[in-house]
Amino acid sequence: MQSIRSVLFTAAALSITFAAFVLTASLALALAGIAAVVVVGSAIATRLNFRPARATARPAAAGPAHGHGQREMRIWNDGRGTIIDL
């Protein structure tokens, strides 16, 4: 009788351990899948939102009457920072 009880307890312990392992593995796999979807979505969103905006600026004194062959100042944002070309 003692031998049958120990075999049943061992089988129950092994089945509980296996169930815990399967649950942990499935949760880890689900979290990895969610993280992968978030990373891919972030990468796609970054690619779609990148649009450099070009702008020009002229100082107040460099209007049409004072522009004696001077180059215009160019300012643009390339997504990494603002660039000013004098």
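Residues numbered from 1 in each chain as written. Predicted model: local features only at pLDDT ≥ 70, side-chain atom pairs only at ≥ 80, totals over all residues. Heavy atoms only, no water.

> Let's hear about the overall build of the chain: which residues, and what values?
Across its full length, the chain holds one helix and three strands. Each helix and strand of the chain, placed in order from N terminus to C terminus, yields the pattern α-β-β-β. Looking at the 86 residues of the chain, the share that counts as buried comes to 2%. Pairs at least 24 apart in sequence give 14% of the contacts found in the chain among residues at least 6 apart. On the chain, roughly 7600 Å² of surface is accessible, and the fraction owed to carbon and sulfur atoms is 70%. (Helix = DSSP H or I, 4+ residues; strand = E, 2+ residues; numbered from the N terminus. Buried < 20%, exposed > 50% of the residue type's maximum accessible area, 1.4 Å probe, protein only. Contact = heavy atoms within 4.5 Å. Areas by Shrake-Rupley, 256 points an atom, 1.4 Å probe, with all protein chains shown as cover.)

> I'd like a description of a nonpolar patch on the surface, backed by residues and values.
Side chains of F18, F21 and V22 sit close together on the surface and give an oily, nonpolar patch of about 340 Å² of accessible area. Mapped onto the secondary structure, F18 falls in helix α1 (residues 2-49). (Patch = residues over 30% accessible without salt bridge, like charges linked within 9 Å, V, L, I, M, F, W, Y side chains within 5 Å. Salt bridge = Lys/Arg side-chain N within 4 Å of Asp/Glu carboxyl O.)

> I'd like a description of the environment of I83, backed by residues and values.
With respect to the secondary-structure elements, I83 resides in strand β3 (residues 82-85). Residue contacts for I83: discarding those within four places in its chain leaves R74, I75, W76 and D78.

> Give me the lowdown on the pairing of β3, citing residues and values where you can.
The side chains of a regular strand alternate, residue by residue, between the two faces of the sheet. Summarising the sheet, strand β2 (residues 74-77) and β3 pair through four bridges and their orientation is antiparallel. By the bridge assignment for β3, I75 is matched with I84. Hairpin connection of β2 to β3: four residues between the antiparallel strands, including G79 at a positive phi of 95 degrees. (Pairing = 2+ DSSP bridges.)

Note that every value here comes from positions in space, so none of it alone points to a role or purpose.
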